[in-house]
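# Breakdown of the fold
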Amino acid sequence: MADFLNAVSAVFVIFLLLSVGYLLGHLGWLSKNEKGFVSKYVVNIAVPVNCVVGMLKNFSHEALLEAGINLVVGLLSLAASLTLAAVVATLLKLPRNRWGLFVAMAGISNSLFIGLPVTQQLFGEVSLPYHMTYFLASSVYTQTVAVMLCEQAGVKGSSGHNIGKMLLGMFKKPPVIGICLAITLLLLNLHPPTVLMNAAGYISNTVTPLALMYNGFILYEVGLKNLRFMPGLPLMLLMRLVISPLICFALCSVFGVGGMARDVFVVIAALPVVTQVTVMAGAYGADEQYAAVGSCMSLLGMFVTLPILMILL
């Protein structure tokens, strides 16, 4: 009973912060201009700083060796989810402008804007090294496979893809740079001055509230009255919120990944659709509404599935 109450309490905190973002949109205090600022600040400043602070506080030389196996599990888990999603999308006979979006939504979770605040709320800062390991695996697929899937679903895509450039672009992303910097400092056994770590700590603490309020505003933009089941979305939600974490749990068991690493991985695998899918759908001329509705419905569905998952873990 205590575990259930703790899980519900953590999810309720997340719901309240999302509600603040929704309310800010309703009052007109948060618009597309402010949304752009929040997104840029969180991704380019707060999250990279959060990576460095969290990993230096909670990681060690020994943990780096363990991270290698964890990274393999994350990569395989995402690959399996994407492959299964492609099979399901084909069986559903989805139109071209939705097929790739379905696969990306069902296969990749929101490990940054939702994942980071959720895992820190549920497990504390000590979970950050495991979270960043999964995020690194997720970034590989988000910046390559997801881009190609969304481009294939759209009308504005290019005719070819350069995987090398995509991977290079991934390592230019500030969150990934933050992870690489933290790993380098750990390997060299270097620690920034206390005054810098204290200042970085204040910036790091802004990630959770701002990221969740950002997602609350996304809900306001889409509009709750516009949320309805479109063809394929029920199965997408089942895969995103139920089947993907089961796949991740099975692979963790096979590779002997347990404890907090397993719990963090499974929780991230059970989170809503990655935000970039909606953005890329609009950029490439795919069915943006399909992606937006699927993303928001998965966000709301999380409030049902996440407490149950925490009890099972």
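A brief structural summary. (Residues numbered from 1 in each chain as written. Predicted model: local features only at pLDDT ≥ 70, side-chain atom pairs only at ≥ 80, totals over all residues. Heavy atoms only, no water.)

### Description of helix α11 (residues 233-255)
Counted at 1.5 Å a residue, the expected span for α11 with its 23 residues is 33 Å, and the 32 Å between its end C-alpha atoms agrees. At Met 239, α11 shows its largest bend, some 40°. Taken together, the buried positions of α11 are occupied by Leu 233, Met 236, Leu 237, Met 239, Arg 240, Leu 241, Ser 244, Pro 245, Ile 247, Cys 248, Leu 251 and Cys 252. A positive phi of about 75° marks Gly 256, the residue just after α11. (Helix = DSSP H or I, 4+ residues; strand = E, 2+ residues; numbered from the N terminus. Expected span 1.5 Å × (residues − 1). Bend = angle between axes of the 7 residues up to and from the residue. Buried < 20%, exposed > 50% of the residue type's maximum accessible area, 1.4 Å probe, protein only.)

### Overview of unusual backbone geometry
A positive phi angle is found at Lys 93, which is not glycine, with a value near 55°. Within the element layout of this structure, Lys 93 appears in the loop between α3 (61-92) and α4 (96-107). Lys 93 gets classed as exposed once you look at its relative accessible area, which sits at 73%.

### A short note on a nonpolar patch on the surface
Together, Ile 69, Val 72, Leu 76, Val 254 and Phe 255 line one region of the surface with nonpolar side chains, adding up to about 420 Å² of accessible area. The set of elements that each furnish at least two residues to the nonpolar patch consists of α3 and α11. With three residues, α3 is the largest single contributor of residues to the nonpolar patch. Secondary-structure assignment places Leu 76 in helix α3. Classification of Leu 76 as partly exposed rests on a relative accessible area of 37%. (Patch = residues over 30% accessible without salt bridge, like charges linked within 9 Å, V, L, I, M, F, W, Y side chains within 5 Å. Areas by Shrake-Rupley, 256 points an atom, 1.4 Å probe, with all protein chains shown as cover. Salt bridge = Lys/Arg side-chain N within 4 Å of Asp/Glu carboxyl O.)

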